[in-house]
Amino acid sequence: MDQVFRLGARDSRVRSFPGNRIEIDAAAEALWVCDQNTQGFLPKDAGSIVCLAPGEAAKTWESVQKIIDAALEERLGRDGLIIALGGGVVCDTAAFAAAIYMRGCRLMLIPSTLLSMIDASLGGKTGVDYRDYKNIIGSFYPAEEIRLYPFLLASLPEIEYRSGLAEVLKHALLEKSNLFLDLEANREAVLARDGKLLEELIPRSLAVKGRLVEEDPTEKGVRAYLNLGHTFGHALERELGLGAVPHGYAVAWGIARAMEAGLALGLTDSAYADRVIQFFTDYGYDLKLTTPSLEAFLSSIALDKKRKGGAVRFVLQRNQGETLQQEIPEEILRRVLAPFAHAR
């Protein structure tokens, strides 16, 4: 894959590389950001390195300061290059640092997980968590280049692979294409990480996001459709504790709740909703996770960063490729969520 996506006033070039190691001409001059899981994949001639702790706990303002301090120490100019090698946490955090360092320096992303390859790397969203709120501080700052190295997926833990896979499945719902059918038909091969199949599916999934982001780079319209399942999912993550449930698992759970909410509102085709819920169930996602408190969960939803005019607009679907945003009355929310809260 070698494709350029126009994201507002900036272009993001996405390139896929074969082989089993990372080689970059500018490696020695760049400031590299990685974590303890990806440090071993750095090129031998990598320049200055900022190594973050693994996991969501590193997605903080303190990590951004650490990157900026290193950039200042290395006298990185505005034309200097920050390269992020890691999953969504590393990419989001390094990209936010690049966005605000000297009002924006050069940025390259090398996503190391399936989730970051098909979701976090493309689109320009950057950010960190703050006071238990996911991605509450951030900006839009597309990377000038995104490099995909499929060999990085071979060592990915199963839970991380499935977390990214949930976003691939989500993308299949957003367009009227054969991606949904192909994922249904090839479930065993996808779960077994068949290399040739993934080389085909990853670009197809990424292209779904790319088309929506090109049309709406700052999420004022159709780009929000990529948040299908996320309002419910982010609230679940917050109530269970950030990092307690992988992001993709929470999104799968949230998509099931979005289908049920659409049914309750009379919007979603019942056969389609059943198919989607079976789709995620067959792929092994637990769609029956529960939260400690219904009231606390509703409060988390009310604080969702995507609310406008004091109201939360949920991403729902009528059918495959027919997506919309709509408020959900509290009584419908309570009816949908009550079976999944300990305190009913």
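For the structure itself, look to the data block above.
Quick notes on the rules
Residues numbered from 1 in each chain as written. Predicted model: local features only at pLDDT ≥ 70, side-chain atom pairs only at ≥ 80, totals over all residues. Heavy atoms only, no water. Pairing = 2+ DSSP bridges. Helix = DSSP H or I, 4+ residues; strand = E, 2+ residues; numbered from the N terminus. Axes fitted to C-alpha atoms, helices over the stretch in contact; angles between N-to-C directions. Contact = heavy atoms within 4.5 Å. Buried < 20%, exposed > 50% of the residue type's maximum accessible area, 1.4 Å probe, protein only. Arc of directions from axis to C-beta. Core = buried A, V, L, I, M, F, W, Y, C linked by side-chain atoms within 4.5 Å. Polar contact = N/O pair within 3.5 Å; in protein donor to acceptor, adjacent residues only side chain to side chain. Expected span 1.5 Å × (residues − 1). Phe/Tyr/Trp six-rings, centres within 6.5 Å; stacked < 30°, edge-to-face > 60°. Lys NZ or Arg CZ within 6 Å of the ring centre and 35° of its normal. Salt bridge = Lys/Arg side-chain N within 4 Å of Asp/Glu carboxyl O.

Q: An account of the sheet that holds strand 6 (residues 106-111) is needed here, citing residue identities and associated values.
A: With mixed pairing, seven strands are arranged side by side in an open sheet as 1-2-9-6-5-3-4. Unpaired on one side and paired on the other, strand 1 (2-7) and strand 4 (48-52) mark the two borders of the sheet. Recorded for the sheet is a direction-independent mean angle of 20 degrees between the axes of neighbouring strands. Sheet strands in contact with helix 1 (residues 61-73) are strand 3 (31-35), strand 4 and strand 5 (81-86), and its direction is about 170 degrees off that of strand 4. Against the sheet, helix 7 (residues 195-215) touches strand 1, strand 2 (10-16) and strand 9 (145-148), its axis set at about 30 degrees to strand 1.

Q: Requested: an account of the pairing of strand 1, with residues and values cited.
A: Sheet topology places strand 1 next to strand 2; six bridges connect them, and they run antiparallel. Note on strand 2: the bridge partner recorded for Val4 is Arg13. From the end of strand 1 to the start of strand 2, which pair antiparallel, there are two residues, and Gly8 there has a positive phi angle of about 70 degrees.

Q: Give me the lowdown on helix 12 (residues 330-337), citing residues and values where you can.
A: Since the α-helix packs 3.6 residues into each turn, any two residues three or four apart lie on the same face. Taken as a whole, helix 12 has its buried residues at Ile332, Leu333, Val336 and Leu337. Taken down its axis, helix 12 places every buried residue within 120 degrees of arc, on the same side. Facing away from the buried side of helix 12 by over 90 degrees, the exposed positions are Glu331 and Arg335.

Q: A description of the nonpolar core should follow, citing residues and the corresponding values.
A: By size, the foremost hydrophobic cluster in this structure holds 100 residues, and its most contacted members are Ile82, Leu183, Phe232, Phe280 and Tyr285. Residue contributions to this core peak at ten residues, all from helix 9 (residues 247-264). The residues contacting Leu183, other than those within four sequence positions of it, are Val168, Leu169, Ala172, Val190, Leu201, Phe279 and Tyr283.

Q: Provide a residue-level description of the environment of Glu295, including the pertinent values.
A: By the secondary structure assignment, Glu295 is in helix 11 (residues 294-302). In this structure the C-alpha to C-alpha distance between Glu295 and Ala341, which are 46 residues apart in sequence, comes to 9.0 Å. At 2.7 Å, the side chain of Glu295 and the side chain of Arg334 are in polar contact.

Q: Let's hear about helix 7: which residues, and what values?
A: End to end, helix 7 covers 31 Å across 21 residues, agreeing with the expected 30 Å (1.5 Å per residue, within 8%). Regarding helix 7, the residues found buried are Leu197, Leu198, Leu201, Ile202, Ser205, Leu206, Ala207, Val208, Lys209, Gly210, Leu212 and Val213. For helix 7, the N-terminal cap is Asp194; the gap from its side-chain oxygen to the backbone nitrogen of Lys196 is 3.4 Å.

Q: Pulling in residues and values, what's your account of the packing of aromatic side chains?
A: For the coordinates displayed, the defined rule picks out twelve aromatic pairs. Centre to centre, the rings of Tyr149 and Phe151 are 6.2 Å apart; their planes meet at 80 degrees, and the pair counts as edge-to-face. You can call Tyr149 buried: its relative accessible area is 2%. The lysine or arginine in question, Arg193, covers the ring of Tyr161, its NZ or CZ lying 4.5 Å from the ring centre.

Q: Provide a residue-level description of the pattern of salt bridges, including the pertinent values.
A: For the structure on display, the rule yields 22 salt bridges. When the shortest N-O distance is used, the salt bridge between Arg13 and Asp2 registers 2.9 Å. Taken together, the positions of Arg13 in strand 2 and Asp2 in strand 1 put the pair eleven residues apart, joining distant regions of the chain. With a relative accessible area of 33%, Arg13 lands in the partly exposed category. Measuring nitrogen to oxygen at the nearest pair gives 2.8 Å for the salt bridge that ties Arg21 to Glu23. Here Arg21 falls in the exposed class, since its relative accessible area comes to 57%.

Q: Lay out unusual backbone geometry in plain terms, naming residues and giving numbers.
A: Of note, Arg75 is a non-glycine position whose phi angle comes to about 55 degrees, a positive value. With respect to the element layout, Arg75 can be found in the loop between helix 1 and strand 5.

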